[in-house]
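Chains, contacts and geometry: an overview
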Amino acid sequence: MTQVSFAELIDGARAGLLVSFPTDTVPALASLPEKAELIFAAKQRSQDKPLILMGAKAEDLWPYVQGQADEYKIWQEITNKYWPGGLTLVLPASDLVPKVMNPIDPTTIGIRVPDSAIAQRILSQTGPLATTSANLSGQPPLQTMAEIESQFSQALTLRVTEVSQDGSTGGVPSTVAKWTGSNWQILRQGAIKLIS
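Residues numbered from 1 in each chain as written. Predicted model: local features only at pLDDT ≥ 70, side-chain atom pairs only at ≥ 80, totals over all residues. Heavy atoms only, no water.

Here Thr-23 is to be found in the loop between β2 (19-21) and β3 (28-31). In terms of polar contacts, Thr-23 uses its side chain to reach the backbone amide nitrogen of Thr-25, at 3.1 Å. In this structure the side chain of Thr-23 is engaged in a polar contact, spanning 2.8 Å, whose partner is the backbone oxygen of Val-26. (Helix = DSSP H or I, 4+ residues; strand = E, 2+ residues; numbered from the N terminus. Polar contact = N/O pair within 3.5 Å; in protein donor to acceptor, adjacent residues only side chain to side chain.)

Listed below in structure tokens is the structure:
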């Protein structure tokens, strides 16, 4: 059994283990950014599919990106409007981002703040984590802790008693928008319709 309490999951993530928890979109597989290879291996994920960095609040994520002052202003207007929520922004990466997060193109990083009390509770104590949907690469996202536990026996998941069954997981992946230097390019239309 890999079902654990909040405290054990947080300790496990800090110790570099693979963990899974609900978010506002689909459940996440997560690890410390420098341990991102655990996620690629568990998912059998191709190296050209980067992971995203999820944080409890925008302020935790800004150190991982770099841009001009006017760009930060545009990015912050978007995050003020849509975060926490189902929007991932792909921005120029700072030197803080481990190359293993995006092996093919380490110059960019996707960042997101989930609208999920459970995810925020975990992330506020672990710091930003490398994340992606909990599923084998190319398969639909798994929706329940039981499915995740059976497919990813090496990942720590929260005990069912720790996860409210209020359907807070939306089941729709986040919208992914990439900054082109002057505007947004939608890489995946998901939970949020981006209007800049």
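Roughly 680 Å³ of volume is contained in the largest pocket. What lines the largest pocket is a set of 36 residues, among which Arg-45, Pro-50, Ile-52, Val-176 and Arg-188 lie closest to the centre. If you list the elements that add at least two residues to the lining of the largest pocket, you get β4 (52-54), β5 (87-92), β6 (108-112), β7 (129-133), β9 (175-179) and β10 (184-188). Per element, the largest residue contribution to the lining of the largest pocket is 4 residues, and it comes from β6. (1 Å grid on protein atoms, 1.4 Å probe; cavity = no way out; pocket = protein on both sides within 12 Å on 5 of 7 lines; lining within 4 Å. Points joined across faces, edges and corners; volume = space filled by probe spheres on them.)

By size, the foremost hydrophobic cluster in this structure holds 38 residues, and its most contacted members are Leu-87, Leu-89, Leu-91, Ile-111 and Trp-184. Where this core is concerned, the elements lending two or more residues are α2 (37-43), α3 (58-61), α4 (69-82), β5, β6, α6 (145-151) and β9. In terms of nonpolar packing, the next biggest core, distinct from the first, is built from 20 residues, Val-19, Ile-52, Leu-123 and Leu-129 among them. (Core = buried A, V, L, I, M, F, W, Y, C linked by side-chain atoms within 4.5 Å. Buried < 20%, exposed > 50% of the residue type's maximum accessible area, 1.4 Å probe, protein only.)

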